[in-house]
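Fold and geometry: a report
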Amino acid sequence: MSLPQGQISEVDSQDGKAIASLICWSIWKNRNQDLFEGQQWEPLVVYEKAMLAWKEFKVTCDLLEQRAPPFSSPCTQDGNGGVGFVARNRDAILVGAAMEIFKGPLSPRVIEALGFRFALTTALHWGYSRIIVEGDALQIVQALNGSRSFVDCDTIILDCLQIAMNFSSCLFSHVKRGCNRVAHFVARKSLSGNGLMSWRGDFPQWLLTLALDDVRASGSSSMS
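A brief look at the structure comes next. Residue numbers restart at each chain and count upward from 1, following the sequence in its written direction. Since the coordinates come from a predicted model, pLDDT governs what is reported: local features require at least 70, and pairs of side-chain atoms require 80 or more to be given and counted, while whole-chain, interface and lining totals use all residues. Side-chain metrics rest on all non-hydrogen atoms present in the structure, leaving aside hydrogens and water.

Let us now look at the overall build of the chain. Strands here are runs of E lasting at least two residues and helices are runs of H or I lasting at least four, both read from the DSSP assignment and numbered beginning at the N terminus. Secondary structure assignment for the chain yields 7 helices and 6 strands. In the chain, the succession of α and β elements from N to C terminus is α-α-β-β-β-α-β-α-α-β-α-β-α. Among the 224 residues that make up the chain, the fraction classed as buried is 40%. Looking at the chain alone, contacts between residues at least 24 apart form 69% of all its contacts between residues at least 6 apart. Shrake-Rupley sampling with a 1.4 Å probe provides the accessible areas, and residues are treated as covered by the protein chains on show and by no other component. When the accessible surface of the chain is totalled, it reaches about 12,900 Å², and 53% of it is carbon and sulfur. Relative accessibility decides the category of a residue: with a 1.4 Å probe and only protein chains considered, values under 20% of the type maximum give buried, values over 50% give exposed, and everything between is partly exposed. The contact criterion used throughout is that any non-hydrogen atoms of two residues lie within 4.5 Å.

See below:
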């Protein structure tokens, strides 16, 4: 069977291997169709079906790469709770940020739980489907993962888990405060604001600078 191999040379070697595998799969499917149904595709149709499957796979991968993990962090002032998060893609590039203030008096743990719920609801509103929610509130992360329970915020934890069911993948992970400093700064910033604010592009300069410095610092620490 002769296939238009020139078109395969237009993609990189890794994609070429994927296409070759899909062509083999398409040939196998064509063989089964001929064996069990007495119908056989033309060679070009076999190739086109493999390429269509590859393009659909690439589109899916591109969509997954756009899905960003929110990082939430709370701050308190006079009993009020400021929460904020930054969203990055898998390459640690800033793709979104948001902050909100909750009027108190509220305990730090309740504010931390509200911060996670805020990150989840915003991520869902933004259309993310696969997320990793990281925060430095160890007790809340443990509660979200089912290993702890707290009377003062169990209802909020339940809300978070119900919201999480709307994502195709949602993981909760604990990180140290040093890994959460940008989100923590956003949360502190919310206490001097007037309420909900969010960005998805066209970020304020202070946020861009902070996020860039954070990436540089992370890169330096990983090489040391």
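There is more to say, and it comes next.
So, about the packing of helix α3 (residues 108–125) against helix α5 (residues 154–164). Only the contacting stretch of a helix is used when fitting its axis, a line to C-alpha atoms as for every element, and angles between N-to-C directions run 0 to 180 degrees. Following both chains from N to C, one finds α3 and α5 inclined at 20 degrees, their axes separated by 9 Å at the closest point. Classified by the interaxial angle, the pair formed by α3 and α5 is roughly parallel. α3 and α5 meet at a crossing whose hand is left-handed. Contact residues: α3 offers Val110, Ala113, Leu114, Phe116, Arg117, Leu120, Thr121 and Leu124, while α5 offers Ile156, Ile157, Asp159, Cys160 and Ile163. Should an angle lie under 35 degrees it is considered roughly parallel, over 145 roughly antiparallel, and from 65 to 115 roughly perpendicular; all remaining angles are considered oblique. Take the far helix as the reference: if the near one is turned anticlockwise from it by less than a right angle, the crossing is left-handed, and if turned clockwise, right-handed.

Before going further, it helps to examine the nonpolar core. The nonpolar core is taken to be a set of buried Ala, Val, Leu, Ile, Met, Phe, Trp, Tyr and Cys residues, with the residues joined through side-chain atoms within 4.5 Å. Ranked by size, the top nonpolar core spans 32 residues in total, and within it Phe116 and Leu120 carry the most contacts. For this core, the secondary structure elements donating two or more residues are β2 (80–88), α3, β4 (130–135), α4 (138–144), α5 and β5 (169–174). The element contributing the most residues to this core is α3, with 9 residues. Once residues within four sequence positions are removed from consideration, Leu120 is found in contact with Ile131, Val133, Cys160, Ile163, Phe167, Cys170 and Phe172. Within the second largest apolar cluster, 11 residues are counted, among which are Val86, Ala97, Val186 and Trp199.

This part takes up the packing of aromatic side chains. Between rings of Phe, Tyr and Trp, where Trp is taken as its six-membered ring, a pair exists when centres lie within 6.5 Å; planes separated by under 30 degrees are stacked, by over 60 edge-to-face, and by other angles tilted. In this structure the tally under the stated criterion is 4 aromatic pairs. Consider the rings of Phe85 and Phe118, whose centres lie 5.8 Å apart with planes at 65 degrees: the pair is edge-to-face. Within this pair, whereas Phe85 is found in strand β2, its partner Phe118 is found in helix α3, the two being separated by 33 residues in sequence. With respect to class, Phe85 is no different from Phe118; both count as buried. Ring centres 5.7 Å apart and planes at 55 degrees place the aromatic pair Phe85 and Trp126 in the tilted group. Taken together, the residues Phe85 in strand β2 and Trp126 in the loop between α3 and β4 connect sequence positions 41 residues apart. Among the residues examined, Phe85 registers a relative accessible area of 0% and is labelled buried. What links up through ring pairs into an aromatic cluster is the set Phe85, Phe118, Trp126 and Tyr128.

A separate point is the side chain of Asn89. Summarising the element assignment, Asn89 is placed in the loop between β2 and β3 (94–102). Taking the relative accessible area as the measure of exposure, Asn89 reaches 15% and is therefore buried. Here Ile93 takes part through its backbone nitrogen, which lies 3.0 Å from a polar atom of the side chain of Asn89. Two N or O atoms count as a polar contact when they lie within 3.5 Å, although within protein this holds only if one can serve as hydrogen donor and the other as acceptor, and sequence-adjacent residues are included solely when both atoms are side-chain atoms.

For the rest of this paragraph, the subject is the environment of Ser149. Here Ser149 lies in the loop between α4 and α5. The exposure class assigned to Ser149 is exposed, which follows from its relative accessible area of 55%. Remark: the alpha-carbon pair of Ser149 and Gln139, spanning 10 residues in sequence, is separated by 8.6 Å. At a separation of 3.0 Å, a polar atom in the side chain of Ser149 contacts the side chain of Asp154.

With that out of the way, let us pick up α3. Helix length check: α3, at 18 residues, gives a terminal C-alpha distance of 26 Å against a target of 26 Å (1.5 Å per residue), a fit within 8%. Considered for burial, the residues of α3 that qualify are Val110, Ile111, Ala113, Leu114, Gly115, Phe116, Phe118, Ala119, Leu120, Thr122 and Ala123. In this scheme, a helix's expected span is set at 1.5 Å multiplied by one less than its residue total.

Our focus in this paragraph is the pattern of salt bridges. We define a salt bridge as a contact between a side-chain nitrogen of Lys or Arg and a carboxyl oxygen of Asp or Glu at a distance within 4 Å. Tallied over the entire structure, the rule returns 2 salt bridges. Residue Arg109 pairs with Asp152 through a salt bridge whose shortest N-O separation is 3.2 Å. With Arg109 in helix α3 and Asp152 in the loop between α4 and α5, the pair connects residues that are 43 residues apart, well separated along the chain. On the basis of relative accessibility, which here comes to 36%, the residue Asp152 falls in the partly exposed class. Of the charged contacts, one joins Arg117 and Asp159 as a salt bridge, the two residues approaching to 2.9 Å between their closest N and O atoms. Here Asp159 lies in helix α5 and Arg117 lies in helix α3, a separation of 42 residues in the sequence. Taking the relative accessible area as the measure of exposure, Asp159 reaches 24% and is therefore partly exposed.

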